[in-house]
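Okay, here's what each chain looks like letter by letter:
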Amino acid sequence: MKIANNAELLNIKSEETNYDMSLVLTWDENELVLIDAGLPGQIEVIREAVKQAGFDLEKLTKVIITHQDMDHIGCAKVLAEMGAKILAHEAEAPYIQGDKTPVRITQMEERLPELSDEQRAFLEQVKAGAPQFYVHIDQQLTDGERLDICGGIKVIHTPGHMPGHIALLLEESNIMVAGDAANVHEGVLLGANPQFTQDMAQADASFQKMMDCKPSYIVSYHGGLYSM
């Protein structure tokens, strides 16, 4: 779905998790940029969505990752191998690159005595599989940084859900790509989901930080486009 002159919302469905993901594609004369990279194994689904938007996935120049969760970094390594540069906040880079243990794994390990045998088996599976999706971050981003591409992309550090979570303001269209820092449920705009958020006080402050930018639209990763 086209959401601006130079932006397309790519609705990527997951049969495994039974939810939709809203990736954003934006472009200019020199750049083709994808915000977030879906789940592992979804590269062909993403390729088709990019094709439907009128572009060739092989021409992708950059992938901006909002944070380290697997449903956001899933295909980043494949896209990097195809030639795209990978960008993420400096606080998330060590987790995405595998220099630090991903937060979700650490959280499960801390709860190990409480886990069922099935959950422990899942944890071991995740730990064994995670390294194959680690990817080098070519450019580490900081709060307030402006990328002079695609009409201007402003980086907004929005911690809470994850320590280095970022939202991205597409300046030309005034669209806020919120990642998991905002959700849309039954037509209502909400902040981060408490069930999956590290620090709700931080997350609430981050949500207000996005609102203070007065965007015209918000794209929630698990809620789609919301008109302000």
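One structure accompanies this document, and this report is about it. Because the structure is predicted, anything quoted here is derived from the model rather than measured. (Residues numbered from 1 in each chain as written. Predicted model: local features only at pLDDT ≥ 70, side-chain atom pairs only at ≥ 80, totals over all residues. Heavy atoms only, no water.)

With respect to the overall build of the protein chain
For clarity, the threshold we go by: Helix numbers and strand numbers start at the N terminus; a helix is a DSSP run of H or I with at least 4 residues, a strand a run of E with at least 2. Only the C-alpha atoms count toward the radius of gyration. The rule for a globule is 2.2 Å times the residue count to the power 0.38. Classification of residues uses two cut-offs on accessible area relative to the type maximum, computed with a 1.4 Å probe and protein chains only: under 20% is buried, over 50% is exposed, and between them is partly exposed. Working rule for contacts: check all heavy atoms of both residues, and any pair within 4.5 Å makes them a contact. In this description, accessible areas are obtained by the Shrake-Rupley approach with a 1.4 Å probe, and a residue is regarded as covered only by the protein chains that are shown.
Of regular secondary structure, the protein chain possesses seven helices and 15 strands. A globule of 228 residues ought to have a C-alpha radius of gyration of about 17 Å, and the protein chain, at 17 Å, matches this closely. Projecting the C-alpha coordinates of the protein chain onto the three principal axes gives extents of approximately 50 × 35 × 30 Å. Burial statistics for the protein chain: of 228 residues in total, 51% are counted as buried. Taking contacts inside the protein chain between residues at least 6 apart in sequence as the whole, the part at least 24 apart equals 59%. As displayed, the protein chain offers around 10800 Å² of accessible surface, 48% of which is attributable to carbon and sulfur atoms.

Quick word on the environment of Ile-86
With respect to the helices, strands and loops of the structure, Ile-86 is situated in strand β6 (residues 85-89). On the basis of relative accessibility, which here comes to 0%, the residue Ile-86 falls in the buried class. Expressed as a C-alpha distance, the spacing of Ile-86 and Asn-193, which sit 107 residues apart in the sequence, is 26 Å. Ile-86 has contacts with Val-63, Ile-65, Ala-76, Ala-80, Val-135, His-136, Ile-137, Asp-138 and Gln-139, leaving out every residue within four places of it along the chain.

Observations regarding the nonpolar core
Put simply, the rule is: Here, nonpolar core refers to any group of buried Ala, Val, Leu, Ile, Met, Phe, Trp, Tyr and Cys residues whose side-chain atoms link them within 4.5 Å.
Judged by nonpolar contacts, the single largest core of 31 residues is most densely connected at Leu-10, Leu-25, Leu-60, Ile-65 and Leu-79. Mapped by element, the contributors of at least two residues to this core are β2 (7-14), β3 (19-27), β4 (32-35), α1 (43-52), α3 (76-81), β6 and α4 (93-97). One finds Val-33, Leu-87, Ile-149 and Ile-175 within the second-largest nonpolar core, a separate group that totals 21 residues.

A look at the packing of aromatic side chains
We count it as follows: Pairs were defined over the aromatic rings of Phe, Tyr and Trp, the Trp ring being its six-membered one, requiring ring centres within 6.5 Å. Orientation was assigned from the angle between planes: stacked under 30 degrees, edge-to-face over 60, tilted for the rest.
The full count for this structure, using the stated rule, is one aromatic pair. Measuring from ring centre to ring centre gives 4.6 Å for Trp-27 and Phe-55, while their planes differ by 50°; the resulting arrangement is tilted. Linking Trp-27 in strand β3 with Phe-55 in the loop between α1 and β5 (62-64), this pair joins segments that are 28 residues apart in sequence. Given a relative accessible area of 13%, Trp-27 falls into the buried group. Relative accessible area serves as the criterion here: at 25%, Phe-55 is assigned to the partly exposed category.

Description of the pattern of salt bridges
Operational definition: What counts as a salt bridge is simple: a side-chain nitrogen of Lys or Arg found within 4 Å of a carboxyl oxygen of Asp or Glu.
Within the structure shown, the criterion is met by eleven salt bridges. The partner of Lys-62 in a salt bridge is Glu-31, and the shortest N-O contact between them spans 2.9 Å. Here the residue Lys-62 occupies a position in strand β5, and Glu-31 occupies one in the loop between β3 and β4, the gap between them amounting to 31 residues. Accessibility assignment for this pair places Lys-62 and Glu-31 in one class, buried. Here Glu-58 makes a salt bridge to Arg-47, at a shortest N to O gap of 2.6 Å. With Glu-58 in the loop between α1 and β5 and Arg-47 in helix α1, the pair connects residues that are eleven residues apart, well separated along the chain. Residue class for Glu-58 comes out partly exposed when judged on its relative accessible area of 39%. Among the ionic contacts, a cluster of salt bridges with common partners joins Glu-44, Arg-47 and Glu-58.

Some thoughts on the environment of Ile-46
Residue position: Ile-46 is located in helix α1. Overall, the relative accessible area of 0% leaves Ile-46 in the buried class. Ile-46 sits 35 residues away from Asn-11 along the chain, and the two C-alpha atoms are 9.0 Å apart. In this structure Ile-46 touches Ile-12, Leu-23, Leu-34, Ala-37, Gly-38, Leu-57 and Cys-75, once residues within four positions along its chain are discounted.

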